[in-house]
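What follows is each chain in one-letter form.
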Amino acid sequence: MKKALIIHNRISENALQDELDVLDQVGVVEKAFTDLGYETFRDDFDLNMQRVKDSIQKIDPHFIFNLVETVDGKGNLSFMAPALFENMNIPFSGSGSFAMYVTSNKVLTKESFINSGIPTGEWFSANELNKLNPAKRYIVKPLGEDGSVGISEEGVFEGNDPKIKDFLKNNNPNEFFIEEYIHGREFNISVIGGKNGGCVLPPAEIRFIDFPEGKPHVLGYKSKWDEDSFEYKNTVRTFDFPESDKELLEKVKQISLNCWNKFNLKGYVRVDIRLDEKNNPYVLEINANPCISPDAGFYAACKQAGLKFTDVISEIIHDAQR
Ligand SMILES: Nc1ncnc2c1ncn2[C@@H]1O[C@H](COP(=O)(O)OP(=O)(O)O)[C@@H](O)[C@H]1O
Ligand SMILES: [Mg+2]
């Protein structure tokens, strides 16, 4: 019987929902591997890589499913997991260590967008407040966190608002950067690896319902994790679009496919895009190995495409071996 090892990040004591969510993902992935006829094993990944390596060698899996979202609580160390699997020469799900390294640092990603001709909003470092344009709005974002950790409407400022300085005084400016606020609609585009390269799944829009005038449209921590909050209840994913959006949807799909190709992505990804007032798209970030729990965007897009989750896992396994 073939053996599949599912590796996830070590769960810390007193973990909150954004961290515990990985265990839901382990559950659905484990079930899919069982349906595919694999014997399954679980382990977690931490800074003690020798321990992880020994444990992998003992199990000697045919395939590793990589659900390591953070290492030592840090998203920008997640590349260490695929780096180890690459060195051990064991096929694993999702993107390789280099793509993980680049995409888990939002500024490195944006530099690559510019080099690759992929549209992205203007940005500068949190130490360059002299670049603020008083007539524009900005959002202060963490460089290397995911799942909206550290992102909220409190990070949105007008360029002439002195409070931005207080915000950065209370947070380490080296861990944040400042991005132009993109005012329009928000899309999540999921892409899965197929025989002929990346295959774009049905685009989703996140609609901000009944947000009071002036309240920034930000999918922050509350909208993703706090089920009782206004932000959670009033941000809704939809796959329904009027005919008049056809051209726009083709455009955001093509941009997402360009991301897949230029960043050498593999397995499954989700690209987050916003539009400006004139409907020009800008890529916010690439989520390589995005959340695949049943309530997340990637899973919803697979369902919308009529794909069974077991077939999705099967495609991801094949893509790792292409
Ligand atoms: N430049 C921006 N303009 C407007 N909204 C933004 C911008 N950057 C981020 N946001 C909002 O914050 C959310 C989270 O930002 P994102 O860069 O996707 O980080 P995360 O890794 O936390 O998902 C986005 O889904 C969007 O709603
Ligand atoms: Mg995002």
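The model shown is predicted, which means the values in this text are computed figures rather than measured ones. (Residues numbered from 1 in each chain as written. Chains lettered and ligands numbered in written order. Predicted model: local features only at pLDDT ≥ 70, side-chain atom pairs only at ≥ 80, totals over all residues.)

Splitting the protein by domain gives domain 1 (3-93), domain 2 (104-119 + 183-203 + 239-320) and domain 3 (123-180). Inter-centroid distance (C-alpha atoms) of domain 1 to domain 2 is 23 Å. Taken residue by residue, the interface counts 18 residues in domain 1 and 15 residues in domain 2. Among the elements that line the side of domain 1 that touches domain 2, the one with the most residues is helix H1 (residues 17-35), at eight residues. Partitioning the side of domain 1 that touches domain 2 into residue classes produces nine nonpolar, six polar and three charged. (Domains from an automatic or database assignment. Contact = placed C-beta atoms within 7 Å. Helix = DSSP H or I, 4+ residues; strand = E, 2+ residues; numbered from the N terminus. Nonpolar A, V, L, I, M, F, W, Y, C, P; charged D, E, K, R; others polar.)

Look at H1 against helix H11 (residues 309-320): their axes get within 9 Å of each other, and the N-to-C directions meet at 85 degrees. By the angle class used here, H1 and H11 are roughly perpendicular. Residues Val 28, Val 29, Ala 32, Phe 33 and Asp 35 of H1 pack against Phe 309, Thr 310 and Ile 313 of H11. Classifying every residue of the contact of H1 with H11 gives six nonpolar, one polar and one charged. (Axes fitted to C-alpha atoms, helices over the stretch in contact; angles between N-to-C directions. Parallel < 35°, antiparallel > 145°, perpendicular 65-115°, else oblique.)

Attention now goes to the pairing of strand S12 (residues 268-275). With seven bridges connecting them, strand S8 (residues 186-194) and S12 associate as antiparallel partners. The residue of S12 that forms the bridge with Glu 186 is Arg 274. Across seven bridges, S12 lies against strand S13 (residues 281-288) in antiparallel orientation. Bridge pairing links Ile 273 to Val 283 in S13. Between S12 and S13, which follow one another and run antiparallel, lie five residues, and Asn 279 among them has a positive phi close to 70 degrees. (Pairing = 2+ DSSP bridges.)

On to the nonpolar core, then. Among the nonpolar cores identified, the biggest contains 71 residues, and Ile 273 and Val 283 are the most heavily contacted of them. Beyond its immediate stretch of four places on either side in the chain, Ile 273 contacts Phe 187, Ile 189, Val 252, Ile 255, Pro 281, Tyr 282, Val 283 and Leu 284. (Core = buried A, V, L, I, M, F, W, Y, C linked by C-beta atoms within 7 Å. Buried ≥ 20, exposed ≤ 12 C-beta atoms within 10 Å, placed from the backbone.)

Attention now goes to the environment of Ile 292. Take Ile 292: it is sitting in the loop between S13 and helix H10 (297-304). Overall, the presence of 27 C-beta atoms within 10 Å leaves Ile 292 in the buried class. For the pair Ile 292 and Gly 159, spaced 133 residues apart in sequence, the C-alpha to C-alpha distance is 37 Å. Setting aside chain neighbours within four positions, we find Ile 292 in contact with Gln 25, Val 28, Phe 298 and Tyr 299.

Our focus in this paragraph is H11. Here H11 is twelve residues long and its end C-alpha atoms lie 17 Å apart, about the 16 Å a rise of 1.5 Å per residue gives. Inspection of H11 places Val 312, Ile 313, Ile 316, Ile 317, Asp 319 and Ala 320 among the buried residues, and these make up the whole buried set. Looking down the long axis of H11, one finds its buried residues gathered within 165 degrees of arc, a one-sided arrangement. (Expected span 1.5 Å × (residues − 1). Arc of directions from axis to C-beta.)

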